[in-house]
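# A structural walkthrough
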Amino acid sequence: MTRTAAAETFSDNSGNTVKPIGVYGSSVGFASALSAVMLTISSAFAIGDDTREFIVLVVVAVVCGLTGAALLRRPFSPSALRPVPTMTAAVCGFILVAAISTIVYLATGAIERVDDALYESVAGVSTSALTIFEDPSSLGDGVLVWRSATQWLGGVGAVILAVGLLPFLGGSRELAGGPQRRERTRDALSTRPLPAIRRVGAIYCVVTAVVTVALVVAGMGVLDAVAHALSTVSTGGFSTHADSIGYFDSVAIEAVLVVAMLGAGSSVAFAWLLWRRNIRETRRAFELQVYLAVVAVSSLWIWWLRHDSDIGVSQGFREAAFTVVSVMTTTGHRISDWGSWHPGASTLLLVLLVVGGTAGSVSGGLRWIRVIGMAQFVWRELQRQLHPRSVRTVKVGRSTISEDSVDRMHAQMVYVMTLGAVASLVLGLFGEGLTEAITLTISAISTMGPGFGDAGGVVSAADLTRPERAVLMPVMLTGRVFLYPAFLSVGAGASALCAAMRSIGVRR
Amino acid sequence: MRLGIRAGRFDDREGFVTRRGRHDFVVAPTIHLVGLSMLFLAPGLLVALAIEWGSTTSDDEWALVLAVVVAVLAGGVLWYPTSVGNGLSARSVFSSVAFSWIACSIVGAIPYAAGSMFSWVRFDDALFEAVSGFSATGSTVLNDVERNGAGILMWRQITQFYGGMGMVVLAVTVLPVLGVGGLSLMSAEAPGLSTDRLAPRVTETARTLWKIYLGITLVVTLLLWLVPGPNLYDAVAHAMTTASTGGFSVYNSSIGHYDSWLVETIIVCGLFVCGINFTLHYRALRRDFTGYSRSADTRLYVYITVVAIAFTTALNWIQDVRDTQGNIIDTGFTGALRDSTFNVVTLGSSGGFSNARGPDSLGNFVLWSPPLQLVLLLLMVVGGSAGSTSGGAKVFRIQVAFNYAVRSVKKVRHPSGIVPVKLGQAPVPPDNVHRIIGFLTTFLAITLLGTLLITATGAPFKESISGAISAMSNMGPALGDAGPTSNFLFFESRLARMVLVVLMLIGRLELFAVLLMFSTPAASFRKFLSRR
């Protein structure tokens, strides 16, 4: 792996040449800067609450801010974007935020053991809701907000990766989401990574603010509203209460959250188009239509399956709709323990969990565009059995998906299944039951939240032993970065290690 | 407009042509094959009838007589006036295979429904038992197997014997005119890696396959009869379901009835051999043993089996396995090895026998620890090699899928590189790769759909998903409360059992036949509509 030297030189205002930073530097800088912003916001909530928290948050914020500022002042040349280093740098960004978060948890005393703090940080950054806290309301306000903020940061990172980086690094353009067009000469967000990243960040911030205000209007307190907005827009799922959203028991709040989750599960490109008032483009949204149709049908089906139990009609529909949206967008907010529902309902939810949200959104899972693409592929193969010489293309809506992209879609499915099988096996070896292992693994790869067991109920990280949590950490992170960047990063790390060992003279 | 049920030619442009002129319906080949398959059931039914007659403990002869009459009459009526014409179109292949199997299943269910096993009211359970037989699955909805007569039970075993190699392959052996379409017919019933021709003419190939199949059955019969335990009836019965990797037994506790490691070893070897491509056995009979080591998927099949046995034996030996009351089962290394080997091989080759000496023995794999149950589930999905009588998604497809996935990652690093998908050393053409990936995706989709339907009727998750996988892979037992010492009456809803019946058929006929079975009638119907 050769390093390309930056061909351009930069100079700052006084005419001295400035060395540009590579992808690693900019990733670290970006992550630090954003963390600093979030830490500042969290510290604002800790003001009246707990002095130790406040001091820790402010100190860490200052350190991160300075690092970020120092790194980001250096110019960055986008022509230096190559697939493997960029993906590795992105993964490093996630790990850095997790490390910052670990330090915060340990320093404020919220968590005592290092591995627990690391686990909670990784669960945050990977936007899963597999928390180790059975009762989060015992934490201080600042830490609560920071906890949700880690999810927000993880979501930002993931969506930047999905929309701003991977399509330009050899991934499929289709997975950047957005409306389907016959020719992809103009992507919805941008044809270059940096403007796309800027726009994504802007949309994200605006949407979070809007959701916060809406939640306050719906009846939540400011702290709860901020925390839940942060964890909803990132489809993370951390809550400030043990019963999650069930604590509030309010239709208004649930309605706001359902709309917010649906929006978070839709592609960022649509938000951008709506902002630019480009309504015409938004109509060609086959994947989005499929997604919404599935939400509607699943809600009705689950509602019908559960109509025999002792809940009322409207309560049943509330629970069905909220849970379906929460699971399909891989958020993880709960108003009822869906693991103990009718097995038809919980199995359907498990299958929907594997699929996840739409492409180019912040939710996890395989994405509906891959399912649509694979379904078309299967149809084509069936037709080929009858007409062996027919030529058909795989289409989503109006846009054709290239054969390479179809290959990658299938490969992604193989990765998910392999990772799922291996992780379930390891979890089982550490003592989990079969159903628990399978549901936890699926939940971790799709970055949703708790699983369920044979007897129903919720199996969260609080019920797991330490080795099991250690196994789930890399699984969650891999799931968040869409699997193959994690594989490539590990490969790159391994080959860098081999190169380093060779350079210090370790010979075979 | 006339029905084309006379002898005639299948012309490319004119359609089905007889001496009297053009005909609009082209269902003749399908009907002909359906009739022929039903006629083929008659000898098996007669054998079962003879045994039932001779048996003093039961008198279900009239049920079998009824079945023989229906098979001969219906089969004859469909077969005699029709013909295949000059050859089969691609559409007709799938319809023929699918409808033959459905017709045979219905005829095969008549002895169960008319006799004392089930009643006519429970025809769906009779159909379940029949389909489980023909598809060589081995799941049962009988609470007490031994209650039934010797002849009826022998018919149950014979259905698996038929289904292992296939009725359509049997048809190809006797119908020289099917030579042209025979290869695709055989491929539709059980596609192999490449339809290896064992002989220049397809009829010869089909005959050779059946000869090898019969040979294996005879060898296993002899071995089972020689060892202490099984009598001749038992030996024949179990040999038939071993060669077909079916798994039906005439005893409630299956092979656990004998509690003999000799019997289990013979059955294990028989199942393992039947999970390997029959083409390689043919070559071995001609003294060419290199085929086994050169075939990539055979190597992987052996490798998977050995690794699985090692893993399960180790964990069963080291970990405490608790029985249904919570007491620890006392097993030494040999006990763990025996039970692990038997269950791994029987599931890996889609057999379905059980060597549990009761619900509290180590042979009852639902007691094993969760990672081992997951390993068993994965073995169920993977199945055996292509060109064998075992089920599952087949080892070579998994190999190709992995190779394909790894290649995708390589292409990210080298976007302009040319990296072919390989099976062992040989590159696989892209069309085949797509077909394999399409098959795997469809397999997964149908399994998930089946699971969703079964859970919607109220069955729990673990039993439903393992039941659906077991049916699609033609395995036999499931996990949880539908395990090897239980039966599929656990699925209380009749709809759930019907879903399993459909899954068993879809899985046995390698998906495409059932999914495309209506294409010929649909095309004929469309032509009929457009004639006006």
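Residues numbered from 1 in each chain as written. Chains lettered and ligands numbered in written order. Predicted model: local features only at pLDDT ≥ 70, side-chain atom pairs only at ≥ 80, totals over all residues. Heavy atoms only, no water.

Glancing now at the overall build of chain A. Helices and strands together make up the secondary structure of chain A, namely 18 helices and six strands. Here the C-alpha radius of gyration of chain A, 23 Å, is about what a compact globule of 508 residues would show, namely 23 Å. By principal-axis analysis of the C-alpha atoms, chain A measures approximately 75 × 70 × 55 Å. Burial status across chain A gives 59% buried among its 508 residues. Considering only contacts within chain A whose residues lie at least 6 apart along the sequence, 71% involve residues at least 24 apart. (Helix = DSSP H or I, 4+ residues; strand = E, 2+ residues; numbered from the N terminus. Rg over C-alpha atoms; globule rule 2.2 N^0.38 Å. Buried < 20%, exposed > 50% of the residue type's maximum accessible area, 1.4 Å probe, protein only. Contact = heavy atoms within 4.5 Å.)

Looking at soluble globular proteins, one finds that nonpolar side chains tend to be buried together. With 297 residues, the main nonpolar core has A:Leu39, A:Tyr119, A:Trp146 and B:Trp155 as its most contacted residues. Counting residues per element, this core draws most heavily on helix H5 (residues 141-165) of chain A, at 15 residues. What A:Tyr119 contacts, discounting residues up to four positions off in sequence, is A:Leu130, A:Ile132, A:Ala461, A:Arg469, A:Leu472, A:Met473 and A:Met476. By size, the runner-up hydrophobic cluster in this structure holds five residues, among which are B:Ile276, B:Leu280, B:Tyr301 and B:Val395. (Core = buried A, V, L, I, M, F, W, Y, C linked by side-chain atoms within 4.5 Å.)

Right, let's get into the side chain of B:His434. Among the secondary structure elements, B:His434 is positioned in helix H17 (residues 430-456). Setting aside chain neighbours within four positions, we find B:His434 in contact with A:Phe377, A:Arg380, A:Glu381, A:Arg384, A:Glu403 and A:Asp407.

This part covers the confidence of the model for chain B. Residues and elements named next belong to chain B. For chain B, mean pLDDT is 84; residues scoring 70 or higher make up 89% of the total. Contacts from residues 1-5, a stretch scored under 50 in pLDDT, to residues over four places away or in other chains number 15 contacts. Residue range residues 20-27 is modelled with pLDDT below 50. Its contacts to residues more than four positions away, or to other chains, number 24 contacts. (pLDDT = per-residue confidence, 0-100.)

All names here are of chain A. With respect to the helices and strands, Ala 285 occurs in the loop between helix H10 (279-282) and helix H11 (286-305). Classification of Ala 285 as buried rests on a relative accessible area of 4%. In this structure, the C-alpha to C-alpha distance between Ala 285 and Leu 72, residues 213 residues apart in sequence, is 37 Å.

In this assembly, 44 residues from chain B lie in contact with 48 residues from chain A. Summed over both sides, the interface of chain B with chain A buries roughly 3900 Å², with 76% coming from carbon and sulfur. Taken together, the connections running from chain B to chain A amount to two salt bridges. Between A:Arg384 and B:Asp431 there is a salt bridge, and its shortest N-O distance comes to 4.0 Å. For the side of chain B that touches chain A, the secondary-structure elements that each account for two or more residues are helix H3 (90-114), helix H13 (296-318), helix H15 (370-382), helix H16 (395-413), H17, helix H18 (461-472) and helix H20 (512-515) of chain B. Among the elements that take part in the side of chain B that touches chain A, H17(B) stands out by supplying 13 residues, more than any other. Classifying every residue of the side of chain B that touches chain A gives 27 nonpolar, ten polar and seven charged. (Buried area = accessible area lost by both parts, 1.4 Å probe. Salt bridge = Lys/Arg side-chain N within 4 Å of Asp/Glu carboxyl O. Nonpolar A, V, L, I, M, F, W, Y, C, P; charged D, E, K, R; others polar.)

The subject of this paragraph is the side chain of B:Thr298. Along the chain, B:Thr298 turns up in helix H13. Judged by relative accessible area, which is 2%, B:Thr298 ranks as buried.

Here the structure, examined in full by the defined rule, presents 20 aromatic pairs over all chains. Summarising the aromatic geometry, the rings of A:Tyr415 and A:Phe487 are spaced 5.5 Å apart at their centres and angled 85° between planes, so their arrangement reads as edge-to-face. Separated by 72 residues along the polypeptide, A:Tyr415 in helix H15 (residues 403-429) and A:Phe487 in helix H18 (residues 484-503) bring together distant segments of the chain. Where B:Trp155 meets B:Tyr162, the ring centres are 6.5 Å apart and the plane angle is 70°; that geometry is what we call edge-to-face. Residue B:Trp155 is classed as buried on the basis of its relative accessible area, which comes to 0%. Taken together, the ring pairs connect B:Phe128, B:Phe488, B:Phe490 and B:Phe491 into an aromatic cluster. Note that A:Arg147 overlies the ring of A:Phe238, its terminal NZ or CZ placed 4.1 Å from the centroid. (Phe/Tyr/Trp six-rings, centres within 6.5 Å; stacked < 30°, edge-to-face > 60°. Lys NZ or Arg CZ within 6 Å of the ring centre and 35° of its normal.)

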